[in-house]
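Take a look at the letters that make up each chain.
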Protein chains: 2
Amino acid sequence: MTAAFIGIDWGTTHRRATLIAADGTLVAERADGEGALACKGRFAASLEALIAGWPEADASLPVVMAGMVGAAIGWQAVPYLDGGTPLSALARHLTPVAETPPGRRWFIAPGYRLHGDGGEVDVMRGEETQLFGALHLLGPNAADGCYVLPGTHSKWVRLHGGRITELRTYMTGELFALLRRHSLLGRLMPEDAADDRDDDAAFTQGLDRAAAPGGLLHHLFSARTAGLFGRIEGPALAAYLSGLVIGDEIGSALATVPRDVPLLLVGAPALCARYERALAHRGVSAELLPETVGARGSHAIARAAGLIDG
Amino acid sequence: MTAAFIGIDWGTTHRRATLIAADGTLVAERADGEGALACKGRFAASLEALIAGWPEADASLPVVMAGMVGAAIGWQAVPYLDGGTPLSALARHLTPVAETPPGRRWFIAPGYRLHGDGGEVDVMRGEETQLFGALHLLGPNAADGCYVLPGTHSKWVRLHGGRITELRTYMTGELFALLRRHSLLGRLMPEDAADDRDDDAAFTQGLDRAAAPGGLLHHLFSARTAGLFGRIEGPALAAYLSGLVIGDEIGSALATVPRDVPLLLVGAPALCARYERALAHRGVSAELLPETVGARGSHAIARAAGLIDG
């Protein structure tokens, strides 16, 4: 299969690159820790090295990037699109990278900025490409719904008629990592996060606690006392904490979504599995989309922008 | 004024020691960063050095300590009292320090452990001594109420008839510090926390946002977007974040306190002032107690234990 194009989801701390054929078939994939923060000042070199590592890839292939690479802290600031702009306009707003060397075709897709009812602003970068992929996967009618994209900054996004109509970000993953690594609570857990136990019972206890009255700040302290009194062992505490924060996010977010709106989950399989369980615990089901919708989205953008022949 | 006794509130990261006369008058006071974590393995030496630094103090004076010094991570684990045990029993449960050198009289006061309706456990160490001081300051009848003790782990404590009847801890201060120091959000603030601006308007914006629907995990992200779009400048962002977490704590906690129960604030003046403003913003008033109730409490314990003559 001949590679026709490279799509990259270039986030703050991680990067996922996909080599794609003209018909959308995935030829190869690579994920690494070359996030925007790590690549400060050497984005071009990092991208060249990525491409050079793929024997199937020609350096002249068009590259479409999405994510924090297009933020002020990234490679080049690409202005956000506003909620009124349909996802189909992404191709038109692809921005060439200013420092593209001769013979290369490097582009960054814009993110979206939405204003809430209270005048508050919320933003995404990278998720718009996954949503565009979902739109192509499901078709314009079946794609309407509320997309849940769990992660460092979880997004709950309402898609209607090919437009983003609502967006709420939850700092769930970042808070979990902060508490895991830096808090007094983290000291009760194994030194190495790899030793955390993926403990169903403890995760469910966390979900139950999150659903009880008291508020997140109070429930977080319960993880500490549960650890202190041996009600939950150290290796299972991280699962309890995960249940607490995911349960809190889901409780807050579901309150903003009418019950007849279908939920669709997009993201890393292990994390999506946790969200599925947490949603099911509240009697809510969600459709799990393949993780490849991001690659499909960048392919759709590249094709609409005329970067792929055929 | 002759010093008769030393009271120490020995916390996880800080220590506050008070030299007190037989009648309860404060002779001298010292606060330092010799918290329980820093003193691991050298508590006795640290205490000797503290006393030696006071010319007014004799090394044979009785010392009553409270706080994390009596926890498993502290100097010596002192068992918790249960909620049913009145504060007046603290003196009876003073625990001598095992490694007390000859000629010294060193004691640790126990903390309290309470069980909530859902079987959950909550704990305090140090605050019981402040509450006992409030009980002495206000008298047994006027002391009934809900005590708010803001800090790293804020406590909301119901006192009734000299007994602790409810206890809820909120991880507010620890979460603020984590976000300030380690999060992506913190990067938008001044490098040095001392450059944070104590900005009334931004603090109030944070309170308003915390009171709006959406949940804390979502509101925390709003601090990031407010910083990104220059709606709140870097130096004022910490005040906004403080308003968010304090507002969230107060919203959650007030829901557990009947409106006719008086609120009493105990703690560091600057922090108490923020809580007073946050409570007033919700139309709730609180009585501010002097910060010295802790010293008064340890004096009352020492006297009841017969450690002070006269």
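The shown structure was predicted, so the numbers you read here are calculated from the model rather than taken from an experiment.

(A) Inspection of the relation of the copies chain B and chain A at higher detail. Note on the copies: chain B fits chain A at an RMSD of 0.0 Å, the axial shift is 0.0 Å, and the rotation between them is 180°. Those values place the two copies in the arrangement expected of a two-fold rotation axis. Residues of chain B ranked by C-alpha distance from the rotation axis are headed by Leu-178 of chain B, positioned 3.4 Å from it.

(B) Structural view of the packing of helix H2 (residues 127–138) of chain A against helix H8 (residues 293–304) of chain A. Residue and element names in this part refer to chain A. As a packed pair, H2 and H8 sit with axes 7 Å apart at the nearest point and diverge in direction by 85°. What the angle tells us is that H2 and H8 run roughly perpendicular. In contact with Thr-129, Gln-130, Phe-132, Gly-133, Ala-134, His-136 and Leu-137 of H2, H8 contributes Val-293, Gly-294, Arg-296, Gly-297, Ser-298, Ala-300 and Ile-301. Its residues assigned to classes, the contact of H2 with H8 comprises 6 nonpolar, 7 polar and 1 charged.

(C) Region of interest: the interface of chain B and chain A. Contacts between the two partners involve 43 residues from chain B, matched on the other side by 43 residues from chain A. Here chain B packs against chain A, burying approximately 3700 Å² in sum over the two surfaces, 72% of which is carbon and sulfur. Ranking the residues of chain B by area buried against chain A places Met-171, Leu-217 and Phe-221 of chain B at the top, with a combined share of 20%. Taken together, chain B and chain A are joined by 0 salt bridges. Seen at the junction of chain B and chain A, the total is 6 residue pairs in polar contact (both at pLDDT 80 or more).

(D) Spotlight on the side chain of Thr-169 of chain B. Tracing the chain through its elements places Thr-169 of chain B in strand E12 (residues 163–170). A distance of 2.6 Å separates polar atoms of two side chains, one belonging to Thr-169 of chain B and the other to Asp-122 of chain B. Residues within four places of Thr-169 of chain B in sequence aside, it is in contact with Leu-217, His-218 and Phe-221 of chain A together with Asp-122, Val-123, His-153, Ser-154 and Lys-155 of chain B.

(E) Layout of the side chain of Glu-128 of chain B. Residues and elements named next belong to chain B. Structurally, the position occupied by Glu-128 is in helix H2 (residues 127–138). For Glu-128, which is buried and forms no salt bridge, the nearest opposite charge comes from Arg-125, at a distance of 7.1 Å. If near-sequence neighbours (up to four positions away) are discounted, Glu-128 is found in contact with Ala-66, Leu-87, Leu-90, Pro-110, Gly-111 and Tyr-112.

About the thresholds
Residues numbered from 1 in each chain as written. Chains lettered and ligands numbered in written order. Predicted model: local features only at pLDDT ≥ 70, side-chain atom pairs only at ≥ 80, totals over all residues. Heavy atoms only, no water. Least-squares fit on C-alpha atoms with pLDDT ≥ 70 in both. Axes fitted to C-alpha atoms, helices over the stretch in contact; angles between N-to-C directions. Helix = DSSP H or I, 4+ residues; strand = E, 2+ residues; numbered from the N terminus. Parallel < 35°, antiparallel > 145°, perpendicular 65-115°, else oblique. Contact = heavy atoms within 4.5 Å. Nonpolar A, V, L, I, M, F, W, Y, C, P; charged D, E, K, R; others polar. Buried area = accessible area lost by both parts, 1.4 Å probe. Salt bridge = Lys/Arg side-chain N within 4 Å of Asp/Glu carboxyl O. Polar contact = N/O pair within 3.5 Å; in protein donor to acceptor, adjacent residues only side chain to side chain. Buried < 20%, exposed > 50% of the residue type's maximum accessible area, 1.4 Å probe, protein only. Lys, Arg positive; Asp, Glu negative; His and termini not counted.

Keep in mind these numbers describe shape, not what the thing actually does.
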